[in-house]
Amino acid sequence: MSIVQNRKAFHDYFIEERYEAGLALHGWEVKSIRAGRAQLADAYVMVRGAEIFLIGAHITPLPTASTHVTPDPTRTRKLLLNAEEIKRLIGKVEQRGYTLIPLNLHYTKARIKLEVGLGRGKLKHDKRAAERDKQWQRDKQKLLRSR
């Protein structure tokens, strides 16, 4: 079940591979995500050393969050993947043009997971071609419905 999706990711990137990663979260963050107060619009995934981190994801704290903790809504969160997956991702990110993009937050067996996509950036003409194809599909559906 999806919680939050990053719709802009599919507009800006060709997604070639997808990985499911766990997140190292605090208790107030889990409560806020379950309440639907998360955003992935400005988030990105970065490799530091042999670890992978989610940066810029905004999780708005609930007003009933713990009184002795000052929550940071955009803190850096560590992603939890297998060592082999991390090595494979690091190798591909270091190649020309590949980047890691957070695609969506979702539940898997009552745990919050992040789907990370390995993709290449789209150029301006690629975006225009994709928009043209979408518009043609819409027009085609409209023509079929009107018959």
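Please refer to the structure higher up on the page.
Structure report, in brief. (Residues numbered from 1 in each chain as written. Predicted model: local features only at pLDDT ≥ 70, side-chain atom pairs only at ≥ 80, totals over all residues. Heavy atoms only, no water.)

### Details of empty space enclosed by the protein
Right, so step 1: All told, the structure shown has one cavity of 30 Å³ or more when counted by the stated rule.
Right, so step 2: Lining the largest cavity are Leu 23, Ile 33, Ala 38, Gln 39, Leu 40, Leu 54, Ala 57, Ile 59, Arg 77 and Leu 105.
Right, so step 3: A class-by-class count of the residues in the lining of the largest cavity yields eight nonpolar, one polar and one charged. (1 Å grid on protein atoms, 1.4 Å probe; cavity = no way out; pocket = protein on both sides within 12 Å on 5 of 7 lines; lining within 4 Å. Points joined across faces, edges and corners; volume = space filled by probe spheres on them. Nonpolar A, V, L, I, M, F, W, Y, C, P; charged D, E, K, R; others polar.)

### With respect to the nonpolar core
When a protein is soluble and globular, its nonpolar side chains tend to lie buried together.
Right, so step 1: Counting residues in each nonpolar core, the largest one holds 27 residues, and the members touching the most others are Ile 52, Leu 54, Leu 79, Leu 105 and Leu 114.
Right, so step 2: Sorting the residues of this core by element identifies strand S2 (13–23), helix H2 (27–34), strand S5 (51–55), helix H3 (83–93), strand S8 (98–108) and strand S9 (111–121) as the ones contributing at least two each.
Right, so step 3: Contacts of Leu 79, omitting those with residues within four sequence positions, involve Ala 21, Gly 22, Leu 23, Val 45, Ile 52, Phe 53, Leu 54, Leu 114 and Val 116. (Core = buried A, V, L, I, M, F, W, Y, C linked by side-chain atoms within 4.5 Å. Buried < 20%, exposed > 50% of the residue type's maximum accessible area, 1.4 Å probe, protein only. Helix = DSSP H or I, 4+ residues; strand = E, 2+ residues; numbered from the N terminus. Contact = heavy atoms within 4.5 Å.)

### What about unusual backbone geometry?
Right, so step 1: Unlike most non-glycine residues, Lys 109 shows phi in positive territory, near 50°.
Right, so step 2: Note on placement: Lys 109 falls in the loop between S8 and S9.
Right, so step 3: In this structure Lys 109 comes out as exposed when scored by relative accessible area, which is 81%.
Right, so step 4: The residue Ala 110 is not glycine, and still its phi comes out positive at about 65°.
Right, so step 5: Among the secondary structure elements, Ala 110 is positioned in the loop between S8 and S9.
Right, so step 6: Overall, the relative accessible area of 59% leaves Ala 110 in the exposed class.

Remember that the coordinates give geometry; whether it matters functionally is a separate question.
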